[in-house]
Amino acid sequence: MRDKRYSGSCEMVELVSVILSGCSTAFALAHHRNKRARPVQNWAVIICKKCGHKNPDGTTFCESCKAFLEWTGERAVEATKAGVKLLLVPTSRTVEPGAVGTFELSVQNTGSVVDSFVLQIPDVPWMAVDPAELSLFPGKTSKARIDARPPRDPAVPAGQLRFTAKATSRADPHISAEEMAVISVGEFMENVARLVPLTSRATQVGSHTVTIDNRGNHPMRGSVRATDPDATLAFDVVPQTFSAGPGESASVQLAVRPSDGRAVTQDTPHRFQVQVDVAGASPVLFDGTMIQVPEVAVARPHRRPWGRWAVAAAVLLLLEVGCALALSYFRIMAPRPSWAAATIIGVLLLTVEVALARTGGADSGRGRHASPIGRAAALSIAALLLLTGVVGYAANANVGAIGSGPPIANSPSSSVSPTPVCQSHTYGPNGAEVAPGPDVPAINTSIGGATRGQTVQLTGSGFQTYTHILIELERAGNHWGAALYVTPDASGAFVKQFAVPADAPLGCDAVVARTGYWVIEQALTVRA
């Protein structure tokens, strides 16, 4: 009876111990799950004397041999030892932009303490770990899920990306583990093209720009071409092919002009179509219009017959010869001729000539080129100066020989022809002359005068970006040499070298630049 009572008491003690041990373990587990583990410097364990297994403090039965530790165990204090091991599955996966790819991360606590581990994917913002923290007993393993969501954005290029999963111990922040894997981001294509402007207005050449934006995640290559249903237009596409990286843009310049080159008397629309072909994508089509306007605003001056010009010049030259003879007559008859009187008469004659040149220089209200009367007046001014000087000098010498004063030595006169005054002009869209300013385009030559065959550098500024500019050497509406086409850069400037034609007329010529809205004349004196 006594043995039975003793045996029953032992069984009762073991049962109570098991219950208390279970409660203690459950409390510890709940405590570590709901509260972050704090760094611990030392850890108490119970060493089983039967098998030598180290059990966590508070354990009633050995985890290895199930022996009752209150009889067979020995409590000891050991230094804290944290550790973690990771396993990432799979090691590689392909994910399309905008989709989701999943990886499985296994975390094992290889330390000797109950620890919490912080999980993260550094440097990849579109990858997330769930849960972001795991609490584990020593030797235990748990799993987390990694979701990869690459966005449809050019900032995430197509191709392989190596990433790292990292777990850091909270018990000892110096303890961590890393595991690497590869994610392959698929390609996606997205491009946006536009034609600016859709409608252009010009006398001969309409300017358009085709812009293509690459909003995909891999390089884009393609071409641009233009057609018109009536086959009446000619196109210049520069460049014909283009390329752009992810997130970049490409620009193509399109010049549209009538193929026959004829002028019109009223606004004439010309419709055309632009096709943008990108490798791997469907073609993009645009409908554009080039409205050809009459050459009223930028028309060249009317060419007057040379006969009228010659008659006007002869009449004015005869008048000036008469004035010069009258001047010399009064100087000879005077006993003491005065050069002051001759100077006053010469200034009055010059004033009359300038007034004739200004009033006669209007060409149909445009004022860009002088009329025959104006040209004759300008030449007659030079003739007046030459004849007045020669005759006046001779008259002064004669007076010195006849009058009472000492004779004046006679010296040969110079026969050098004066150079016409060269002027530059700028005309706006309505044909009126415009003063230079910050919003007015301008051209300049490297030198003011040049010989035939000499190379001159022409610079321009203030033009519309990528506008086609026609450059010609002119005088009185006549052109010499081949016409040049210039396209300014992104800042509206250009630099162009050209040679003065061998057949260019001597004297004051003009380098003329024409766009759809401006006519700029830069004076250039051509010498032999």
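These numbers were taken from a predicted model, which means no experiment stands behind them.

Criteria and cut-off values
- Residue positions are given per chain, counting from 1 as you read along its sequence in written order.
- Only residues with pLDDT of at least 70 get local features here, since the model is predicted, and only at 80 or more are side-chain atom pairs given and counted; chain-wide, interface and lining totals rely on the full set of residues.
- To obtain the side-chain values, all non-hydrogen atoms of the structure were included, while hydrogens and water were left out.
- In this text, helices come from DSSP runs of H or I with a minimum length of four residues, and strands from runs of E with a minimum of two, each type numbered from the N-terminal end.
- Throughout, exposure labels follow a simple rule: accessible area from a 1.4 Å probe, protein chains only, divided by the maximum for the residue type, with under 20% read as buried, over 50% as exposed, and the rest as partly exposed.
- It only takes one pair of heavy atoms within 4.5 Å for two residues to be counted as in contact.
- Per-residue and other accessible areas were derived by the Shrake-Rupley procedure at a 1.4 Å probe size, with only the shown protein chains allowed to occlude residues.
- Residues enter a nonpolar core if they are buried and are Ala, Val, Leu, Ile, Met, Phe, Trp, Tyr or Cys, with the set joined through side-chain atoms within 4.5 Å.
- Only when DSSP finds a minimum of two bridges between them are two strands counted as paired.
- Axes here mean lines fitted to C-alpha atoms, for a helix over just the part in contact, with angles spanning 0 to 180 degrees between N-to-C directions.
- Disulfides are defined in this document as cysteine sulfur pairs within 2.5 Å.
- As a per-residue measure, pLDDT tells how confident the predictor is, with possible values from 0 to 100.
- Here the aromatic set is Phe, Tyr and Trp, taking the six-membered ring for Trp, and pairing holds for ring centres within 6.5 Å; pairs whose planes are under 30 degrees apart are stacked, those over 60 apart are edge-to-face, and all others are tilted.
- By the criterion adopted, a ring carries a charge over it if an Arg CZ or a Lys NZ lies within 6 Å of its centre and within 35 degrees of its normal.

A. Region of the structure containing the overall build of the protein. Looking only at helices and strands, the protein features 5 helices and 30 strands. Looking at the protein as a whole, 38% of its 528 residues are labelled buried. When contacts within the protein are restricted to residue pairs at least 6 apart in sequence, long-range pairs at least 24 apart make up 63% of them. Of the roughly 29,500 Å² that the protein leaves accessible, carbon and sulfur atoms contribute 57%.

B. Structural view of the nonpolar core. Counting 27 residues, the largest nonpolar core has V107, M127, I146 and F163 as its most contacted members. Of all the elements in the fold, those that place two or more residues in this core are β4 (84-89), β6 (101-109), β7 (115-120), β8 (127-130), β9 (133-136), β10 (141-148), β11 (159-169) and β12 (176-185). It is β12 that provides the largest number of residues to this core, a total of 4 residues. Beyond its immediate chain neighbours, meaning those up to four positions away, F163 contacts L88, F103, I121, V124, M127, E179, M180, A181, V182 and I183.

C. Structural view of the sheet that holds strand β15 (residues 206-214). Read across the open sheet, the 4 strands follow the order β13-β15-β19-β17; overall the sheet is antiparallel. Whereas interior strands pair on both sides, the edge strands pair on one side only; in this sheet they are β13 (191-196) and β17 (233-238). Pairs of neighbouring strands in the sheet enclose a mean axial angle of 20°, with direction left out of account. Judged from the 6 bridges that link them, β17 and strand β19 (residues 249-258) form a sheet pairing that is antiparallel. For L233, the partnering residue across the bridge sits in β19 and is P258.

D. Spotlight on the state of the cysteines. Following the criterion strictly, the structure yields 0 disulfides and no others. For C48, which is in no disulfide, the shortest distance to another cysteine sulfur is to C65 and amounts to 3.6 Å. Among the cysteines around C65, which has no disulfide bond, C51 carries the closest sulfur, lying 3.6 Å off. By relative accessible area, which is 25% here, C65 ends up partly exposed.

E. Spatial organisation of the environment of V89. Along the polypeptide, V89 turns up in strand β4. C-alpha separation for the pair V89 and A181, spaced 92 residues apart in sequence, amounts to 8.3 Å. In contact with V89, not counting residues within four places along its chain, are F103 and E104.

F. Just the confidence of the model for the protein, in detail. Per-residue pLDDT for the protein has a mean of 76; in total, 67% of the residues score no lower than 70. Throughout residues 297-302 the model reports pLDDT below 50, and contacts reaching past four residues in sequence, or to other chains, amount to 22 contacts. Within the model, pLDDT remains below 50 along residues 397-421, and this stretch shows 25 contacts once partners closer than five positions in the same chain are excluded.

G. Structural view of the packing of aromatic side chains. This model, assessed by the stated rule, comprises 4 aromatic pairs. Ring plane angle 50° and centroid distance 5.5 Å describe the contact between F61 and F68, whose orientation is recorded as tilted. What makes F61 partly exposed here is its relative accessible area of 28%. Their ring planes at 50° and their centres at 5.7 Å tell us that F463 and F494 sit as a pair that is tilted. Taken together, the positions of F463 in the loop between β25 (455-461) and β26 (469-475) and F494 in strand β28 (residues 494-499) put the pair 31 residues apart, joining distant regions of the chain. For F494, a relative accessible area of 6% corresponds to the buried category. Over the ring of F103 we find R93; its NZ or CZ atom is 5.8 Å from the centre of that ring.

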